[in-house]
Amino acid sequence: MFEGFRLEMVDLPEATLRVRHGGNGPPVLLLHGHPRTHATWHRVAPLLAAHHTVVCPDLRGFGQSSKPADTPDHEGSSKRAKARDCVALMRHLGFDRFAIVGHDRGSYTAFRTAMDHPQAITHLAVLDGVPIAEALGRCNARFAQAWWHWFFYGQPDKPERAILAVPDAWYGGSSDMMGAEAYVDYRAAIHDPDTIHGMMEDYRAGLGIDRDHDEADRRAGRTLACPTLALWSLRDDLEALYGDVLSVWRPWAPDLRGRGLDCGHHMAEEAPEELARELLAFLTTESER
């Protein structure tokens, strides 16, 4: 897994991140979602590394990265805080500008990084996600039924107790789909009480402070300054919830493209070659702005 990549723990001003990196060329940062670790990218990262320097961290709160201190506003688990980690990590590795790709919960951190640090981001790719403010603003009975977990995970204490009772039954997953080494890494994460709490804090931040940050940007008329690619899984529920997914992104992303991929939610594990092709093509595009 990740042949030729280096694995290390990187101390940053606000967090310590477990990071896998390798390859050569323009840098691209890959951010995983919930409940995965950076290992979810093990089939995609080598395909990108032939043309790019590829960096895959465990987000703070996830995997083996450090867990932020709890505060009433959940700021330490906010996407703004995680965006600061992204910029600090890439500067530590020698890159002031880089492309960023985020899947699922990682898409919210990738989006926030591009919004807060436009001078640092050359390209943004968001996989299976829309801005948190857009998701919550469109919340209806269909959303609540399909994505009930957002609101359950946002409650204090009880989600951790429910998940940790039988983590494998709660989350599922298999070595056949994920790959043997990635599955071992994932199971270590979902059986760790501190990691489960860190992941729940990501959702708690999402229902409050993260939405506030999105809404402040909307009121100020701020939009993304870089080319943006939105990809979504045709066998998941983004189209069922939003219809035209690109129409949700358009007010935020003046330079936008994207499409659905014929796979399930974990596209880096289920359709790595197609995903890598889409990303490689996108990362060569120039801004239209």
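All values derive from a computational prediction rather than experimental measurement.

## A word on the pattern of salt bridges
Part 1 of the reasoning: Under the definition given, this model contains 29 salt bridges.
Part 2 of the reasoning: We note a salt bridge from R84 to E75, for which the minimum N-O separation is 3.1 Å.
Part 3 of the reasoning: Exposure remark for R84: the relative accessible area of 27% places this residue in the partly exposed category.
Part 4 of the reasoning: For D202, the salt bridge identified is with K82, shortest N-O distance 2.5 Å. Placement of the pair is D202 in helix 11 (residues 193-206) and K82 in helix 2 (residues 79-92), with a sequence separation of 120 residues. Residue D202 shares its accessibility class with K82, and that shared class is buried.
Part 5 of the reasoning: Bridged by salt links that share partners, the residues R80, R112, D116, D214, D217 and R222 form one connected network.

## A short note on the packing of helix 11 against helix 12 (residues 209-220)
Part 1 of the reasoning: Packing of helix 11 against helix 12 brings their axes to within 4 Å, and their N-to-C directions diverge by 40°. With respect to helix 12, the axis of helix 11 lies oblique. Across the interface between the two elements, D202, A205 and G206 from helix 11 touch I209, D210 and R211 from helix 12.
Part 2 of the reasoning: A class-by-class count of the residues in the contact of helix 11 with helix 12 yields two nonpolar, one polar and three charged.

## What about the packing of aromatic side chains?
Part 1 of the reasoning: What the rule picks out here adds up to 14 aromatic pairs.
Part 2 of the reasoning: Residues F111 and W249 carry aromatic rings whose centres are separated by 5.5 Å and whose planes lie at 75° to one another, so their mutual orientation is edge-to-face. Residue F111 is located in helix 3 (residues 105-116), and its partner W249 is located in helix 14 (residues 245-249); the two are separated by 138 residues in the primary sequence. No difference in accessibility class separates F111 from W249, as the two residues are buried.

## Focus on the nonpolar core
Part 1 of the reasoning: The biggest cluster of nonpolar side chains holds 55 residues, and the ones touching the most others in it are L29, I100, Y171 and W249.
Part 2 of the reasoning: In this structure, I100 is in contact with L29, L31, C86, A110, T113, I121, H123, L124 and A125, ignoring residues within four places of it in sequence.
Part 3 of the reasoning: F5, C263, A276 and L283 belong to the second-largest nonpolar core, a separate cluster that totals 27 residues.

## Concerning helix 10 (residues 180-190)
Part 1 of the reasoning: Within helix 10, burial applies to A182, D185, Y186, A189 and I190. Taken around the axis of helix 10, the buried residues stretch over an arc of 130°, which confines them to a single face. Away from its buried face, by an angle of more than 90 degrees, helix 10 presents the exposed residues A180 and V184.
Part 2 of the reasoning: Buried residues in helix 10 make contact with strand 2 (16-23), helix 7 (158-165), helix 8 (167-171), helix 9 (175-178) and helix 11.

## Focus: the sheet that holds strand 7 (residues 228-233)
Part 1 of the reasoning: Taken in spatial order, the eight strands make up an open sheet running 1-2-4-3-5-6-7-8, and their pairing is mixed. Each edge of the sheet is formed by a strand with only one pairing partner; in this case those strands are strand 1 (6-11) and strand 8 (256-261). Adjacent strand axes in the sheet meet at a mean angle of 20°, parallel and antiparallel pairs treated alike.
Part 2 of the reasoning: By the bridge criterion, three bridges tie strand 3 (residues 27-31) to strand 4 (residues 53-57) in an arrangement that is parallel.

About the thresholds
Residues numbered from 1 in each chain as written. Predicted model: local features only at pLDDT ≥ 70, side-chain atom pairs only at ≥ 80, totals over all residues. Heavy atoms only, no water. Salt bridge = Lys/Arg side-chain N within 4 Å of Asp/Glu carboxyl O. Buried < 20%, exposed > 50% of the residue type's maximum accessible area, 1.4 Å probe, protein only. Helix = DSSP H or I, 4+ residues; strand = E, 2+ residues; numbered from the N terminus. Axes fitted to C-alpha atoms, helices over the stretch in contact; angles between N-to-C directions. Parallel < 35°, antiparallel > 145°, perpendicular 65-115°, else oblique. Contact = heavy atoms within 4.5 Å. Nonpolar A, V, L, I, M, F, W, Y, C, P; charged D, E, K, R; others polar. Phe/Tyr/Trp six-rings, centres within 6.5 Å; stacked < 30°, edge-to-face > 60°. Core = buried A, V, L, I, M, F, W, Y, C linked by side-chain atoms within 4.5 Å. Arc of directions from axis to C-beta. Pairing = 2+ DSSP bridges.

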